[in-house]
Amino acid sequence: MHLSHIETVLDYEVAAPAHLLLNIEAARAGAQALESEELVIEPATQVRVFCDDSSGNRFIRFDAKPGPLKIRYRASVQRGQVKVPTDLPEVPVNQVPDEVLHYLMPTRYCESDLMSRAAQQLFGDLPPGIGRVQAIVDWIHDSITYQPGTTDSTTTAREVFVQRAGVCRDFAHLGITFCRALNIPARLVVGYVFFDEPPQDFHAVFEAYLGGQWVLFDATRMAPVDRIVRVGTGRDAKDVAFCTIFGAVRMTQKQLTVREVQDGRLTPPVQPLATGALIGIEKPVPVKPARDPSDAGQDSARALQAD
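Each chain has its residues counted from 1, following the order in which its sequence is written. Only residues with pLDDT of 70 or above have their local features reported here, since the model is predicted, and side-chain atom pairs are shown and tallied only from 80 upward, although totals for entire chains, interfaces and linings are computed over all residues. As a rule here, side-chain values come from all non-hydrogen atoms in the structure, and water together with hydrogens is ignored.

**A few points about the overall build of the protein chain**
- For the protein chain, the helix and strand inventory stands at four helices and 14 strands.
- Areas reported as accessible are Shrake-Rupley estimates using a 1.4 Å probe. Residue values count occlusion only from the protein chains shown. As displayed, the protein chain has an accessible area near 14600 Å², and 52% of this comes from carbon and sulfur atoms. Going along the chain from the N terminus, every DSSP run of H or I of four or more residues is numbered as a helix, and every run of E of two or more is numbered as a strand.

**Concerning helix H1 (residues 116–123)**
- If you check which residues of H1 are buried, you get Ala118, Ala119 and Phe123. Mapping the buried residues of H1 onto a view down its axis gives an arc of 100°, with all of them on the same face. Every exposed residue of H1 that faces more than 90 degrees away from the buried side is listed here: Arg117 and Gln121.
- Only heavy atoms enter the contact rule, under which two residues are in contact if any of them lie within 4.5 Å. At its buried positions, H1 is contacted by helix H2 (130–143), helix H3 (157–163) and helix H4 (168–181). Partly exposed describes any residue whose relative accessible area lies between the buried limit of under 20% and the exposed limit of over 50%, with all areas from a 1.4 Å probe on protein chains only and scaled to the type maximum. The arc in question is formed by the directions pointing from the helix axis toward the C-beta atoms.

**Some remarks on the sheet that holds strand E5 (residues 58–64)**
- Whether two strands pair depends on DSSP finding at least two bridges between them. Reading across the sheet, the four strands line up as E4-E5-E2-E13 and stay open at both edges, with antiparallel pairing between neighbours. What marks the edges here is a single partner per strand, and that holds for strand E4 (47–51) and strand E13 (243–246). Each strand of the sheet is rotated relative to its neighbour by a mean of 15°, with strand direction disregarded.
- Alignment of strand E2 (residues 18–22) against E13, held across four bridges, turns out to be antiparallel. Bridging across to E13, Leu22 finds its partner in Cys243. For every element, the axis is a line fit to its C-alpha atoms; helices are fit only across the contacting stretch, and the angle between N-to-C directions ranges from 0 to 180 degrees.

**Points about the pattern of salt bridges**
- By salt bridge we mean one thing: a side-chain nitrogen of Lys or Arg within 4 Å of a carboxyl oxygen of Asp or Glu. Scanning all chains against the criterion turns up 15 salt bridges.
- The residue Arg74 makes a salt bridge to Glu38 at a minimum N-O spacing of 3.8 Å. One end of the pair, Arg74, is in strand E6 (residues 67–79); the other, Glu38, is in strand E3 (residues 32–42), with 36 residues separating them in the sequence. The same class applies to Arg74 as to Glu38, namely buried.
- Residue Glu90 pairs with Arg132 through a salt bridge whose shortest N-O separation is 2.9 Å.

**Regarding the side chain of Thr177**
- Looking at where Thr177 falls in the secondary structure, it is placed in helix H4.
- If sequence neighbours within four positions are ignored, Thr177 has contacts with Tyr109, Cys110, Glu111, Ser112, Met115 and Ala157.

**Points about a nonpolar patch on the surface**
- Together, Val93, Leu101 and Met105 make up a nonpolar patch on the protein surface, roughly 230 Å² of accessible area in all.
- Summarising the element assignment, Leu101 is placed in the loop between E6 and H1. To count toward a patch, a residue needs a relative accessible area over 30% and no salt bridge; like charges are then connected within 9 Å, while nonpolar side chains (Val, Leu, Ile, Met, Phe, Trp, Tyr) are connected within 5 Å.

**So, the nonpolar core**
- Joining through side-chain atoms within 4.5 Å is the link that ties buried Ala, Val, Leu, Ile, Met, Phe, Trp, Tyr and Cys residues into a set, and such a set is a nonpolar core. Ranked by internal contacts, the top residues of the largest apolar core, which has 67 residues, are Ile71, Leu174, Phe178 and Tyr192.
- Element by element, the count of residues in this core is highest for H4, at eight residues.
- Beyond its immediate chain neighbours, meaning those up to four positions away, Ile71 contacts Thr8, Val9, Leu10, Tyr12, Leu22, Ile24, Leu39, Val40, Ile41 and Phe62.
- Core analysis: the second largest hydrophobic core is formed by eight residues, Val189, Val193, Val205 and Leu216 among them.

**Side note on the sheet that holds E6**
- Taken in spatial order, the four strands make up an open sheet running E3-E6-E1-E14, and their pairing is antiparallel. With partners counted over all chains shown, the strands left at the sheet margins are E3 and strand E14 (249–262), one partner each. Between one strand and the next, the sheet's axes are offset by a mean angle of 10°, whatever the strand orientation.
- Inspection of the sheet shows strand E1 (residues 2–14) paired to E6 by 13 bridges, in the antiparallel sense. Counted as the bridge partner of Tyr12 is Leu69 from E6.

Any link to function would need more than the numbers given here.
This is the structure:
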């Protein structure tokens, strides 16, 4: 079992009354379980929280008054491994579940209709199945340079394909686009994971729907994909933004810290709990208390225990 200790600090300067929508909390779904979490907003304000039942995304919305604004989120999350068969087939379009079908459609950042010819030329002759998706991942890793600053929040997969450079979000968007162009449902996943370089930030990967299940892929190869603590799942980046701002608000600092601990005592059960109403999410892992000894003596602010 893998244990991740996460801390996110977001500082803003609010110029006029505004409204914010946050998606920074670890999902209470997937092959992960929240041991504890804490959210602090300064100055204190009334918040509204809700969860999207289909994706497991957890949202926080609140009004912000003019002046400095600080948001801090801390969590300890257990992350179990999910065994992925090496022979998973592609699912014919007429057998794709209704709730998964929209992950085949082109979206703002993933223009799979415009990239269809390129996808067919590069991967159309390969045998269908998980091996073809892995070939897409390998091609992106070998052909696209990871280079911060080469793209921005408006860059699409087609633009990344042309300029051959981008960051993790761009790598994921391109993988999603190629998959959809080949009639493989695919979606974006954003979360927390530790990696050496560059400095810590939210990390984006993608999932492909194969053999009736969602399988994670990371074309950047910056961290083991089974260590990612899932936060947001969506069609593309517009569904999983960590902060959506309505008003005149400027970010002054973003700082993420992820510490990972391996604990062989935290072995998930052979038969995980059922997923309930959540659609297409990895099976959840029951919480087993585990404390990092280095956490002893830290401040004991109000914590929200996972239920």
